[in-house]
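# Observations on the model geometry
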Amino acid sequence: MERKSIGDVVVLWLWFLSLATITIQFSLSDGTSDVICSARERRALQRIKQGLVDQGNYLSSWTREACCSWKGIGCDNITRHVVKINLSREPMEGASLGGNISTSLLDLNHLQYLDLSWNSFEGLQIPEYLGSLTGLRYLNLSNAGLTGDVPCQLGKQSSLQYLDIGGISLDTENLDWISSLSVLEVLDMSWVDLNKASNWLQAMNTLHSLSVLILSDSGLDSINPFPVVNFSSLTVLDLSENQFVSPTFDWFSSLGSLASLDLSSSNFHGPIPSTLFNLTALRSLHLFNNSFTSTIPDCLSHLTSLESIDFLSNNFNGILPVSIRNLTSLVAVDLSNNALEGEIPRSLGEHCNLQRLDLSSNKLVKGLEFLDLGADEVSGHFSKCLSVLSDGNSSSSGPTSVSVRGSSSLSYLDMSGNSLKGIVSGKHFANLTRLKYLHASSNSFTLQVGSDWNPPFQLEILKMGYWQLGLLFPAWLQTQQDQMDLDISRVLNLDYINLADNRIYGTVPSLPTAYQIYLCSNKFTGPLPRISSKTFSLDLSHNSFNGSFHPSCTLLMVLRSQNNILTGHLPSSMGSLLQLRSLHLHNNSLSGTLPPSMQGCKSLSFVDLSENEFSGSIPMWVGKNLSYGSCPTIK
């Protein structure tokens, strides 16, 4: 249920539209500081508080006389009755509430809005007496830790417009009670086990006012045909994360108002049902992680209102239809991890609203030309809107001219895992002032920029593995002021790397071949990196490298790794560092004694092992081998 990022903006916007009327109706009833509710209702609220476990002191305001000013309480400004309780504890808001849901809720006769979502009522069942709150129009118990059966008494809430009991481990075998919720507009029963509720579709079909229906991960395995569709006002339908067997889709054609459809991860296979292409109001279509096969049909272009397409991880094959150019409202497209072939249509460059495009893990052979935004034929439209591009893990071949000169909105560029070749220069990045993520590893690019190049962007993530960067590490990296996750593994033909005194973070599994490497005063973590046998000067000091100390390069002359978190003993392999002259391991957590093999380090002239956890006495050979400098301190 976690992979819905590509259309989050679209879905949230549709969700807001669906709930707008409900939200507005309650916004006027929020309490104000000078309104005092009745003594009876105040006592009821105090009893509700007594039943709750409030480790985060969330209800600390529930002590004053003016109970309408208490946190989470809303009152009618005219009648002063409590009409709203919102105790939702969204993630990251601190400790959630627990304990019991008090029957004193029944003393709040005018309550219309109750939200207990994102709390920890672990082991409790949904109280049957909630069905007696017949004035409720909004009930949200989602992600509140409740278990057991869904009580049919909820069907007594005939005024309910919004019901969310999703995200909790509930069961039900019969949904007949739902038909009593005649004015229900939004229903979320995701994670509720409906496997034994064979009448689920017929029950939902009785809800004439239903606009949003979410049944994700509900154990559904059938979509049976039925003659008349009554919930034709549906705008959002989510049936994802189920395991349907031979479903029928004929009735979908009656959902003329449907704007968002999510059938992802639900065991669908074969071609896309043709009835889906009659849903001309669709703005979001999610079919990812199924087994759909066939080409992407031309009739997809009939859905001209589409803003988000997610077909990730299916078996779509063939070429991308040229008719995709008709989908001019597209904002997000994910066709990754399929078997698409041929070229990327140049017409994609004409989608002026496109912000995210992911074509990775296909068999595309050519097509980055559509990013040549300086070309007259695309008139610069694409440059105005693109903010995310991923073309990774395709099978692009041959020399490719990569140009994103006009993409001033580009923030995420991913071309990794291809067979792309060519020279990349500063002009390719000239207008990328918003670029934050550059992932182009596992290609055969050569970077050619001058030593004085000052890129227009400030990166957070840079991955350039397998690139050719020349003999000197690019000085432009020192212009990057933000913390940066850097991967330059297997970069070729380097002589000197200096990334000292930056804020680069992350792990460093291995370092490229270079004679001198300076990574000091950053925020690197993890074990010490593997280094080339040609490195003779290495400075890893003032980071957070951890684990054991295991030098492997016999040509090392200077080794600085002080002020890290290294542990364990110095290995006997220290004796292989025959060229070592200066060793700095100050302020770590190394222990044990100096290995006798270090007697072979005849060139060693300076050793600093202070502020570690070494034990024993200083070996006699230390004084003989050190020609000058200070004697090591052993603790």
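Let me begin by describing the structure that accompanies this report.

## Some words on the overall build of the protein
Broken down by element type, the protein carries four helices and 41 strands. When the 635 residues of the protein are sorted by exposure, 53% land in the buried category. Sequence-distant contacts, at least 24 apart, represent 51% of the contacts inside the protein between residues at least 6 apart. Carbon and sulfur atoms make up 49% of the accessible area of the protein, which totals about 26500 Å².

## Considering the state of the cysteines
Among covalent bonds in proteins, the disulfide is the one between the sulfur atoms of two cysteines. Going through the model one piece at a time under the given rule, you end up with two disulfides. Linked covalently through their sulfurs, Cys37 and Cys67 form a disulfide whose S-S length is 1.6 Å. Note that Cys37 is positioned in the loop between helix H1 (8–27) and helix H2 (39–50) and Cys67 in the loop between strand S1 (52–53) and strand S2 (73–75), a separation of 30 residues in sequence. For Cys67, a relative accessible area of 0% corresponds to the buried category. At a sulfur-sulfur separation of 2.0 Å, the disulfide partner of Cys68 is Cys75. The chirality of the disulfide connecting Cys68 with Cys75 is left-handed, given an S-S dihedral of about -95°. On the basis of relative accessible area, Cys75 is assigned to the buried category, the value being 0%.

## Description of the pattern of salt bridges
A complete count under the given rule lists two salt bridges for this structure. Between Asp107 and Arg40 there is a salt bridge; the shortest N-O distance is 3.6 Å. Within this pair, whereas Asp107 is found in the loop between strand S4 (98–99) and strand S5 (113–115), its partner Arg40 is found in helix H2, the two being separated by 67 residues in sequence. Overall, the relative accessible area of 23% leaves Asp107 in the partly exposed class. Its relative accessible area of 41% is what places Arg40 among the partly exposed residues. In the salt-bridge network here, residues are joined through shared partners; they are Arg40, Arg47 and Asp107.

## Here's the deal with a nonpolar patch on the surface
A contiguous nonpolar surface patch, about 260 Å² in accessible area, is contributed by Tyr515, Phe536 and Leu555. Following the sequence through the fold, Phe536 ends up in the loop between strand S33 (523–526) and strand S34 (537–539). Phe536 gets classed as partly exposed once you look at its relative accessible area, which sits at 31%.

How each quantity is defined
- Per chain, residues are indexed from 1 in the order of the written sequence.
- In view of the model being predicted, local features appear only for residues whose pLDDT reaches at least 70, and side-chain atom pairs are presented and counted only at 80 or more, with totals across whole chains, interfaces and linings using the full set of residues.
- The side-chain figures draw on all heavy atoms in the structure; neither hydrogens nor water molecules are used.
- Every helix listed is a DSSP run of H or I at least four residues long, and every strand listed is a run of E at least two residues long, numbered separately from the N terminus.
- Residue exposure (1.4 Å probe, protein chains only): buried if accessible area is under 20% of the type maximum, exposed if over 50%, otherwise partly exposed.
- The contact rule is simple, with two residues in contact once any of their heavy atoms fall within 4.5 Å.
- Computed with the Shrake-Rupley method and a 1.4 Å probe, the accessible areas treat only the protein chains shown as cover for residues.
- Only a pair of cysteine sulfur atoms within 2.5 Å counts as a disulfide in this structure description.
- Note on definitions: salt bridges are taken to be side-chain nitrogens of Lys or Arg within 4 Å of carboxyl oxygens of Asp or Glu.
- Nonpolar side chains (Val, Leu, Ile, Met, Phe, Trp, Tyr) within 5 Å and like charges within 9 Å form the patches, drawn only from residues with over 30% relative accessible area and no salt bridge.

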